[in-house]
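What follows is the residue order along each chain.
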Amino acid sequence: MSTTLYVRLPHRPHDQPQPWQFGALPFALVRTAAAATVGSARRGEARPAPEVLREGHARIAELPAAERLVLILAASDVLLTTASVPPLPPARLKLALPNLIEDALATDAQPCHVGVGPALDGGAPARGPRRRLLMVADRAWLRAVLDAFAEHRHRRRHVLAAQLCVPLVPPDAAPAEPSLAPAAEAAASETTPAQPATLVVEAAAGAFAQSDELLDPAAVAAAPPAQAPARQWQLTVRTGEHAGYGLLLGDDALAAWQALAPAGTWYADAEAAATPPVPELRQAARTGWRLWIEGAQECLREPALDLAQFEFAQGRADRWNLVAWRVPLALLAGIVLVQVLGMNVHWLLLRREQQRLETAQQQTLRSTFPQIQTVLDAPLQMRREVEQLRTASGRSTPEDFLPLADRFAQAARRLPPDALQGLEYRGRMLVVTLKPGTDIAGLRSAARQAGLQMEEDKTGGALSSTATSAGSPVTPGSRWTVRPGL
């Protein structure tokens, strides 16, 4: 299930200075089954009717949150026209659009925002210029609307024209009752239009914060009562799939315009039906959110009809809904917290075990050798004391000359008699000089089996140069160090 918030915007004020302060706006919170709607559309079945959860009037800060926000601009604020649009990248197309609509406007085209709708010539080549629907609105007004809804909680945002949100009546479903305009009916009897129009008449009630709210209440009460403004009616007309317009008319103007109205189905709100500017509107069908929601859903199925394009397009950051990710983020934070706590607890346990072992080693060293006063490295000091005791008792250690020479002799018993050119003992290790060409790999393997570690002497060159300078004979060959294995 998904929720959609539909909000109808008032007509753009021409006598109120910017910044515009929005008041209570009409809204409807609708819940629809997204999966069922998509499946029904694919199978060609009837789509389930949306469920209206809430409707009424509220300020923007008090509007309920929803997954999708649909803003419906007044039809009088959006001009629908057509033009041949060349295939240009978005940046260049934005610069070229004002030149395409300047003939259709009575004012300058630069302050206008132009949305590019769907292509109207289905058989035209895709690479060349195509006839497209253009939706023109005031850029400052659209920016003020989107800025006002910047703090509202939603995932997706759409801006639609009201004349495109009016359901289009099929030609075969034209109403049988007589039209409200006699002249229009006489013309329709001679030439029946292929597409009947849909006309909606509503009271044009402003939805902006009045300037009196910013004044002192005493001063407002003392001021003389202002003359009531003339009543205006908001007219929304849809004459085709991608055609329609809107008007703001008074009582007399609406009665005069009726003679020019296209034939079709009329709708009126409660006020227009109760106190109609013309008596015939009492017979018109009632309008409500069901009418606008049905038309808006049809309009949303065509993404190109969305006015939020170019600089007003919804960015990637706006499509992130942190509310929907609160459970995975909370789970991730919990996992990280448990991991950090677990690592710290494990480190404390290992640290305590290390301290216990160090204390036991120190106690063993002090109990074995009470003469030791300061303990810096218990294992090393224990090893040295044991070696001193062994030496004092006359027993040889594995690092003495005789044990090393005996083990090396066992490992080198397969060498030729002239392979060993020199044997020295210094630094508790043997330094062996071997004849070039000796099987070093076999000798090292035999030494490893005898418990010895045989490595190449890296300081052999320095020792040779020192011996040469002292006048001692230098034995050529490779030098290796032999010590007990680890």
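Residues numbered from 1 in each chain as written. Predicted model: local features only at pLDDT ≥ 70, side-chain atom pairs only at ≥ 80, totals over all residues. Heavy atoms only, no water.

## Observations regarding the overall build of the chain
Turning to step 1, where the next piece is worked out: Scanning the chain from N- to C-terminus turns up 13 helices and 17 strands.
Turning to step 2, where the next piece is worked out: Counting only residues that meet the buried cut, the chain has 36% of its 486 residues in that class.
Turning to step 3, where the next piece is worked out: Partitioning the intrachain contacts of the chain with sequence separation of at least 6 by distance along the chain shows that 71% fall at a separation of at least 24.
Turning to step 4, where the next piece is worked out: When the accessible area of the chain is evaluated, it comes to approximately 28,900 Å², of which 56% is carbon and sulfur surface. (Helix = DSSP H or I, 4+ residues; strand = E, 2+ residues; numbered from the N terminus. Buried < 20%, exposed > 50% of the residue type's maximum accessible area, 1.4 Å probe, protein only. Contact = heavy atoms within 4.5 Å. Areas by Shrake-Rupley, 256 points an atom, 1.4 Å probe, with all protein chains shown as cover.)

## A look at the pairing of strand S14 (residues 420-426)
Turning to step 1, where the next piece is worked out: The sheet contact formed by S14 and strand S15 (residues 429-434) spans six bridges and is antiparallel. If you follow Leu423 over to S15, its bridge partner there is Val432.
Turning to step 2, where the next piece is worked out: Counting the residues that bridge the hairpin from S14 to S15 gives two residues, and of these Gly427 lies at a positive phi of roughly 60 degrees. (Pairing = 2+ DSSP bridges.)

## Looking at the nonpolar core
Turning to step 1, where the next piece is worked out: Within the largest apolar cluster, 50 residues are counted, with the highest numbers of intra-cluster contacts made by Val7, Leu71 and Phe149.
Turning to step 2, where the next piece is worked out: Counting only elements with at least two residues in this core, the list comes to strand S1 (2-8), strand S2 (25-32), strand S4 (68-73), strand S7 (130-138), helix H3 (139-148), strand S8 (156-161) and helix H8 (289-300).
Turning to step 3, where the next piece is worked out: At seven residues, the largest contribution of residues to this core is made by H8.
Turning to step 4, where the next piece is worked out: Setting aside its immediate chain neighbours within four residues, Leu71 contacts Val7, Leu9, Val145, Leu146, Phe149, His158, Val159 and Leu160.
Turning to step 5, where the next piece is worked out: Judged by nonpolar contacts, the second largest core, of 15 residues, contains Val201, Trp257, Ala272 and Ala284. (Core = buried A, V, L, I, M, F, W, Y, C linked by side-chain atoms within 4.5 Å.)

## Quick look at the packing of helix H9 (residues 326-368) against helix H10 (residues 378-392)
Turning to step 1, where the next piece is worked out: For the pair H9 and H10, the least separation of the axes is 9 Å and the interaxial angle reads 25 degrees. Here H9 lies roughly parallel to H10, going by the angle between them. The handedness of the crossing between H9 and H10 is left-handed. Here Gln361, Gln362, Thr364, Leu365 and Thr368 of H9 lie close against H10, whose contacting residues are Ala378, Pro379, Gln381 and Met382.
Turning to step 2, where the next piece is worked out: Taken together, the residues of the contact of H9 with H10 sort by class into four nonpolar, five polar and no charged. (Axes fitted to C-alpha atoms, helices over the stretch in contact; angles between N-to-C directions. Parallel < 35°, antiparallel > 145°, perpendicular 65-115°, else oblique. Left-handed = near helix turned anticlockwise from the far one by under 90°. Nonpolar A, V, L, I, M, F, W, Y, C, P; charged D, E, K, R; others polar.)

## Some words on the pairing of strand S11 (residues 243-250)
Turning to step 1, where the next piece is worked out: Relative to S11, strand S10 (residues 232-240) runs antiparallel, the two sharing eight bridges. Looking at the pairing, Thr236 lines up with Gly246 of S11.
Turning to step 2, where the next piece is worked out: Connecting S10 to the antiparallel partner S11 that follows it, the hairpin turn spans two residues.

## Remarks on the state of the cysteines
Turning to step 1, where the next piece is worked out: What the rule picks out here adds up to zero disulfides.
Turning to step 2, where the next piece is worked out: Note on Cys299: no disulfide assigned, nearest cysteine sulfur contributed by Cys165 at a separation of 4.8 Å.
Turning to step 3, where the next piece is worked out: Residue classification places Cys299 among the buried positions, given a relative accessible area of 3%. (Disulfide = S-S within 2.5 Å.)

## What about the side chain of Arg130?
Turning to step 1, where the next piece is worked out: If you trace the backbone, Arg130 turns up in strand S7.
Turning to step 2, where the next piece is worked out: Judged by relative accessible area, Arg130 falls into the buried class, the value being 17%.
Turning to step 3, where the next piece is worked out: For Arg130, the side chain forms a polar contact with the main-chain oxygen of Asp121, separated by 2.9 Å. (Polar contact = N/O pair within 3.5 Å; in protein donor to acceptor, adjacent residues only side chain to side chain.)

## Concerning the packing of aromatic side chains
Turning to step 1, where the next piece is worked out: Applying the stated criterion to the full structure yields four aromatic pairs.
Turning to step 2, where the next piece is worked out: Seen in terms of ring centroids, Trp20 and Trp141 are 5.2 Å apart; in terms of plane orientation they differ by 80 degrees. Their pairing is edge-to-face. You can see Trp20 sitting in the loop between S1 and S2 and its partner Trp141 sitting in helix H3, a full 121 residues away along the chain.
Turning to step 3, where the next piece is worked out: Overall, the relative accessible area of 10% leaves Trp20 in the buried class.
Turning to step 4, where the next piece is worked out: The exposure class assigned to Trp141 is buried, which follows from its relative accessible area of 1%.
Turning to step 5, where the next piece is worked out: Pairing Phe22 with Trp141 gives two aromatic rings, centres 5.7 Å apart and planes at 35 degrees, and the pair type is tilted. Of the two residues, Phe22 sits in the loop between S1 and S2 while Trp141 sits in helix H3, which places them 119 residues apart along the sequence.
Turning to step 6, where the next piece is worked out: The rings of Trp20, Phe22 and Trp141 are connected pair by pair, giving a single aromatic cluster. (Phe/Tyr/Trp six-rings, centres within 6.5 Å; stacked < 30°, edge-to-face > 60°.)

## Overview of H8
Turning to step 1, where the next piece is worked out: Along its 12 residues, H8 runs 16 Å from first to last C-alpha, staying within 8% of the 16 Å computed at 1.5 Å per residue.
Turning to step 2, where the next piece is worked out: Counting buried positions along H8 gives nine out of 12 residues, so the element sits mostly inside the fold.
Turning to step 3, where the next piece is worked out: Of all the residues in H8, the buried ones are Trp289, Leu291, Trp292, Ile293, Gly295, Ala296, Gln297, Cys299 and Leu300. (Expected span 1.5 Å × (residues − 1).)

## Overview of a nonpolar patch on the surface
Turning to step 1, where the next piece is worked out: Judged by side-chain polarity, Trp325, Leu329, Leu332, Val336 and Val340 come together as a nonpolar surface patch covering roughly 460 Å² of accessible area.
Turning to step 2, where the next piece is worked out: Relative to the helices and strands, Val340 is located in helix H9. (Patch = residues over 30% accessible without salt bridge, like charges linked within 9 Å, V, L, I, M, F, W, Y side chains within 5 Å. Salt bridge = Lys/Arg side-chain N within 4 Å of Asp/Glu carboxyl O.)

## Focus on the pattern of salt bridges
Turning to step 1, where the next piece is worked out: Counting across every chain of the model gives 12 salt bridges.
Turning to step 2, where the next piece is worked out: Salt-bridge contacts for Asp400 lead to Arg428; the nearest nitrogen and oxygen are separated by 4.0 Å. With Asp400 in the loop between H10 and helix H11 (401-411) and Arg428 in the loop between S14 and S15, this pair connects stretches of sequence that are 28 residues apart.
Turning to step 3, where the next piece is worked out: The exposure class assigned to Arg428 is partly exposed, which follows from its relative accessible area of 39%.
Turning to step 4, where the next piece is worked out: Between Arg426 and Glu424 there is a salt bridge, with the nearest N and O atoms lying 2.5 Å from each other.

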